[in-house]
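# Breakdown of the fold
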Amino acid sequence: MKKKLLITRKLPSHIIEPLRNYYDIAEWSEEEAIMPRQRLLASVKDCEALWVTLADKVDEELLAHAPNLKIVSTLSVGFNNIDVSALHSRDIIATNTPDVLTDTTADLVFALLLATARRIPEAERYLREGQWQGWYPLQLVGKDVGGATIGIIGLGRIGQAVAKRALGFNMNVLYYNRSRKIANEEQYGFQFREFEDVLKESDFVVIMTPYSKETEGLIGARELALMKDDAILINAARGGIVDEDALYHVLKDGKLWAVGLDVFEQEPVALNHPLLTLPNVVALPHIGSATLQTRTAMMNLNVQALLAYAQGQQVLNQIH
Ligand code: NAP
Ligand code: GLV
């Protein structure tokens, strides 16, 4: 008898096809809209396998509805949507999609860095709104990226990929990470600094840690105050690591050159969110890994894990 698999989003049929040999698959019918929570709780009842996205919470409540669950795969590298210890205490495997999205997400971080420094979205609005009457010397002037100091908080896979890109822009790379990355320091000249020193010394501060109890509110009013008055902050990690209220007030007071955000405390972010009223906030709808190649590679990692589980083989990309 086939195992039951629930997929919480509509995914391309050719991607999930190989799973049909092993699983009876129930799929949420919509690509864009999230599966409503009550529907998810009801649908997971008989499932042995669950394929979720970062928008689905896999917590004690869900597990209480899923007595047969043995594997959960998330279409993301970040796994703060999953209560991993609750899964492990029930011997349920959790898998994610590391590595394949590293370069794509680092590219997006750099896109945000250039967009904020050179005011790209603002300049485009200026042109489309008919404000462009001619060229003048201090028109839409930005900040140089080349030669500036970038400080990366969280020098993991994506943080390192951002740092390597920064070298191509002749930037000075500082970082803070709980564990030192000595090999990176020796090979690329990245310099370790204590957390507060990264904030004080950097022209660009990039947050690239996972979201956890420890990183929740990591960048609040106190930390923002430590940053240079004309620094740029980029958060493409998770909403909630940066305190949005504190960030808004700091920006309103004229501190910081700009902010680039791919992630928000509440997603989708409300259109009346105060941060969206500010011209120097570049806001994106969580598209860090959104290229066709990378999203396909991510889905294939989930398929690989679910197939390996069904075939009794070693499951790769387990979250420990
Ligand atoms: P990773 O390789 O695990 O890197 C995370 C790094 O953060 C590690 O080096 C870790 O090192 C460090 N870290 C953890 N807690 C820290 C703390 N409290 N202070 C300082 N450093 C800390 O993960 P990754 O693949 O680079 O992904 C990072 C995160 O990016 C994901 O968890 C996800 O939330 C986010 N992400 C967002 C998008 C997007 O679409 N915007 C796409 C992909 C990923 P230590 O534990 O040694 O400190
Ligand atoms: C995206 O945010 C991810 O964690 O993969």
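Definitions and limits used
- Residues numbered from 1 in each chain as written.
- Chains lettered and ligands numbered in written order.
- Predicted model: local features only at pLDDT ≥ 70, side-chain atom pairs only at ≥ 80, totals over all residues.
- Heavy atoms only, no water.
- Helix = DSSP H or I, 4+ residues; strand = E, 2+ residues; numbered from the N terminus.
- Buried < 20%, exposed > 50% of the residue type's maximum accessible area, 1.4 Å probe, protein only.
- Near = heavy atom within 4 Å.
- Polar contact = N/O pair within 3.5 Å; in protein donor to acceptor, adjacent residues only side chain to side chain.
- Areas by Shrake-Rupley, 256 points an atom, 1.4 Å probe, with all protein chains shown as cover.
- Nonpolar A, V, L, I, M, F, W, Y, C, P; charged D, E, K, R; others polar.
- 1 Å grid on protein atoms, 1.4 Å probe; cavity = no way out; pocket = protein on both sides within 12 Å on 5 of 7 lines; lining within 4 Å.
- Points joined across faces, edges and corners; volume = space filled by probe spheres on them.
- Domains from an automatic or database assignment.
- Contact = heavy atoms within 4.5 Å.
- Buried area = accessible area lost by both parts, 1.4 Å probe.
- Pairing = 2+ DSSP bridges.

### Some remarks on unusual backbone geometry
Here the residue pair Glu267 and Pro268 is connected by a cis peptide bond, since its omega of 0° sits within 30 degrees of zero. Relative to the helices and strands, Pro268 resides in the loop between strand 11 (258-261) and strand 12 (281-283). You will see that Asp99, though not glycine, has its phi angle at about 75°, which is positive. Within the secondary structure layout, Asp99 lies in the loop between strand 5 (93-95) and helix 5 (102-117). Taking the relative accessible area as the measure of exposure, Asp99 reaches 49% and is therefore partly exposed. Residues other than glycine seldom take positive phi values, yet Leu140 does so here, at roughly 50°.

### A short note on the site of ligand 1
For ligand 1, the set of nearby residues contains 27 residues, the closest of which are Ile158, Arg178, Ser179, Ala236 and Asp262. In this structure, an oxygen atom belonging to ligand 1 sits 2.9 Å away from a side-chain N or O atom of Asn177. Within the side chain of Ser179, a nitrogen or oxygen atom sits 2.4 Å from an oxygen atom of ligand 1. Taken by itself ligand 1 offers 910 Å² of open surface, and the protein chains cover 88% of this.

### Things to note about the site of ligand 2
Around ligand 2 lies a shell formed by Leu54, Ser76, Val77, Gly78, Leu101, Arg238 and His286. Between an oxygen atom of ligand 2 and a main-chain N or O atom of Gly78, the distance comes to 2.8 Å. His286 places a polar side-chain atom, nitrogen or oxygen, 2.6 Å from an oxygen atom of ligand 2. Here ligand 2 loses 86% of its free accessible area of 190 Å² to cover by the protein chains. Among the residues making up the shell around ligand 2, the classes are represented as three nonpolar, three polar and one charged.

### A look at the layout of surface pockets
Of the voids in this model, the second largest pocket is the one considered here, and its volume is about 240 Å³. Of all elements in the fold, only helix 5, helix 6 (120-128) and strand 12 reach the threshold of two or more residues within the lining of the second largest pocket. In terms of residue class, the lining of the second largest pocket is made up of 11 nonpolar, two polar and three charged.

### Section: empty space enclosed by the protein
Evaluated as defined, the whole model comprises one cavity of 30 Å³ or more. In this structure, the largest cavity spans a volume of roughly 30 Å³. Around the largest cavity sit Asn235, Arg238, Gly239, Gly240, Val242, Glu244, Leu247, Leu261 and Val263, which together line it.

### Observations concerning the domain arrangement of the chain
Here the chain is described as being made up of domain 1 (3-100 + 292-310) and domain 2 (102-283). Computed from C-alpha atoms alone, the centre-to-centre distance between domain 1 and domain 2 is 32 Å. With nine residues of domain 1 at the contact, the number on the domain 2 side is five residues. Here domain 1 packs against domain 2, burying approximately 610 Å² in sum over the two surfaces, 44% of which is carbon and sulfur. Among the residues of domain 1 in contact with domain 2, Asn80, Asp99 and Thr294 are the three that bury the most area, contributing 60% of the side total.

### Thoughts on the pairing of strand 3 (residues 49-52)
On strand 3, burial covers both faces: Ala49 and Trp51 on one face and Leu50 and Val52 on the other are all buried. Across three bridges, the pairing between strand 1 (residues 3-7) and strand 3 is parallel. Its bridge partner lying in strand 3, Leu5 is registered against Ala49. Pairing of strand 3 with strand 4 (residues 71-74), which is carried by four bridges, proceeds in the parallel orientation. Looking at the pairing, Ala49 lines up with Ile71 of strand 4.

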